[in-house]
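Architecture at a glance
Given next are the chains, with one letter for each unit.
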Amino acid sequence: MLGKCDKCGMKNVEVKSIKKENSEEQITLCNQCRPADGAYGY
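Every chain begins its residue count from 1, and numbering advances along the sequence as written. Per-residue local features of the predicted model are confined to residues with pLDDT of at least 70, and side-chain atom pairs are confined, for both listing and counting, to 80 or more; whole-chain, interface and lining totals are unaffected and use all residues. Note: side-chain values were computed over all heavy atoms of the structure, leaving out hydrogens and water.

**A look at unusual backbone geometry**
Unusually for a residue other than glycine, Asn12 sits at a positive phi of about 55°. Strands here are runs of E lasting at least two residues and helices are runs of H or I lasting at least four, both read from the DSSP assignment and numbered beginning at the N terminus. Checked against the element boundaries, Asn12 lands in the loop between β1 (2–3) and β2 (13–19). Judged by its relative accessible area of 67%, Asn12 falls in the exposed class. Whether a residue is buried, partly exposed or exposed follows from its accessible area with a 1.4 Å probe, protein chains only, as a fraction of its type maximum: under 20%, in between, or over 50%, in that order.

**Brief notes about the nonpolar core**
Generally speaking, a soluble globular protein has its nonpolar side chains buried in company with each other. Only buried Ala, Val, Leu, Ile, Met, Phe, Trp, Tyr and Cys residues count toward a nonpolar core, and they belong to the same one when joined by side-chain atoms within 4.5 Å. In terms of nonpolar packing, the biggest core is built from seven residues, these being Cys5, Val13, Val15, Ile27, Leu29, Cys30 and Cys33. In this structure, Ile27 is in contact with Asp6, Lys16, Ser17, Ile18 and Lys20, ignoring residues within four places of it in sequence. Here, residues are in contact when the closest pair of their heavy atoms is within 4.5 Å.

**Overview of the sheet that holds strand β3 (residues 26–30)**
Between any two strands, at least two bridges found by DSSP are needed for them to pair. Read across the sheet, three strands follow the order β1-β2-β3 without closing on themselves; strand pairing throughout is antiparallel. At either end of the open sheet lies a strand with only one pairing partner, and these are β1 and β3. Where β2 meets β3, five bridges bridge the pair, whose relative direction is antiparallel. Counted as the bridge partner of Lys19 is Gln26 from β3.

**With respect to the pairing of β2**
By the bridge criterion, two bridges tie β1 to β2 in an arrangement that is antiparallel. By the bridge assignment, Leu2 is partnered in β2 with Glu14. Adjacent in sequence and paired antiparallel, β2 and β3 are bridged by six residues, among which Asn22 carries a positive phi angle near 65°.

**A closer look at the environment of Val13**
Along the chain, the position of Val13 falls in strand β2. Of the residues examined, Val13 reaches a relative accessible area of 17% and is grouped as buried. As for Val13 and Asn31, which are separated by 18 residues in sequence, their C-alpha atoms are 8.5 Å apart. Non-local contacts of Val13, meaning those with residues more than four positions away in its chain, are made with Met1, Leu2, Gly3 and Cys30.

Here is the structure:
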């Protein structure tokens, strides 16, 4: 989904909503700011 990254502030980028660890707070991060996960998380 396109939106604004809460961490770096870039607009109109591909973002993903994730829950912060140890809290119910939702944040929206772009691909550059999002922590690596899945098979490609080194």
